[in-house]
Amino acid sequence: MMVSEQILVVFLSVALAVFLILGIWLLVVLIKVSNHIKHITEKAEEIASKAENITTFFEKKAGAMAFGKLISNIADTVFKKEKK
């Protein structure tokens, strides 16, 4: 082999090694980011579930509270007329 061919082979080998190392490093970083995003998504799902449960609770209690407010308004109206 001529010297220029040997230099080219060494250069290409070094370039391949550098790209392989960079590719492996990038793959590891992407896996870490993916796991972090998965963790964030799970937390967001938990929070959404809790918010849904709270909403359901208030929907169920709203009818009772509205009825209580109606009774309170009626009582206020009756007692105000009696004082006049």
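Since this is a predicted model, take the numbers as computed values, not measurements.

Trainee: Just checking my understanding: could you explain the overall build of the protein chain for this structure?
Mentor: Counting its secondary structure elements, the protein chain contains one helix and zero strands. Taken against the 2.2 N^0.38 rule, which gives 12 Å for 84 residues, the C-alpha radius of gyration of the protein chain at 36 Å runs more than 25% over that of a compact globule. Its C-alpha atoms give the protein chain principal-axis dimensions of roughly 115 × 20 × 10 Å. When the 84 residues of the protein chain are sorted by exposure, 0% land in the buried category. Approximately 7900 Å² of the protein chain is accessible, and the part contributed by carbon and sulfur atoms is 73%. Of the charged side chains in the protein chain, 11 are positive and 8 negative, and the gap between their average positions amounts to 16 Å.

Trainee: Can you help me understand a nonpolar patch on the surface in this one?
Mentor: A cluster of nonpolar side chains, V10, V14, V18, F19, L22, W25, L26 and L30, forms an exposed patch at the surface whose accessible area comes to about 830 Å². Along the chain, the position of V18 falls in helix α1 (residues 3-83).

Trainee: Please clarify how the environment of A15 should be interpreted in this entry.
Mentor: Tracing the sequence through the fold places A15 in helix α1. By relative accessible area, A15 is classed as partly exposed at 23%. Separated by 39 residues in the primary sequence, A15 and I54 have C-alpha atoms spaced 58 Å apart.

Thresholds, definitions, all that
- Residues numbered from 1 in each chain as written.
- Predicted model: local features only at pLDDT ≥ 70, side-chain atom pairs only at ≥ 80, totals over all residues.
- Heavy atoms only, no water.
- Helix = DSSP H or I, 4+ residues; strand = E, 2+ residues; numbered from the N terminus.
- Rg over C-alpha atoms; globule rule 2.2 N^0.38 Å.
- Buried < 20%, exposed > 50% of the residue type's maximum accessible area, 1.4 Å probe, protein only.
- Areas by Shrake-Rupley, 256 points an atom, 1.4 Å probe, with all protein chains shown as cover.
- Lys, Arg positive; Asp, Glu negative; His and termini not counted.
- Charge placed at Lys NZ, Arg CZ, Asp CG, Glu CD.
- Patch = residues over 30% accessible without salt bridge, like charges linked within 9 Å, V, L, I, M, F, W, Y side chains within 5 Å.
- Salt bridge = Lys/Arg side-chain N within 4 Å of Asp/Glu carboxyl O.

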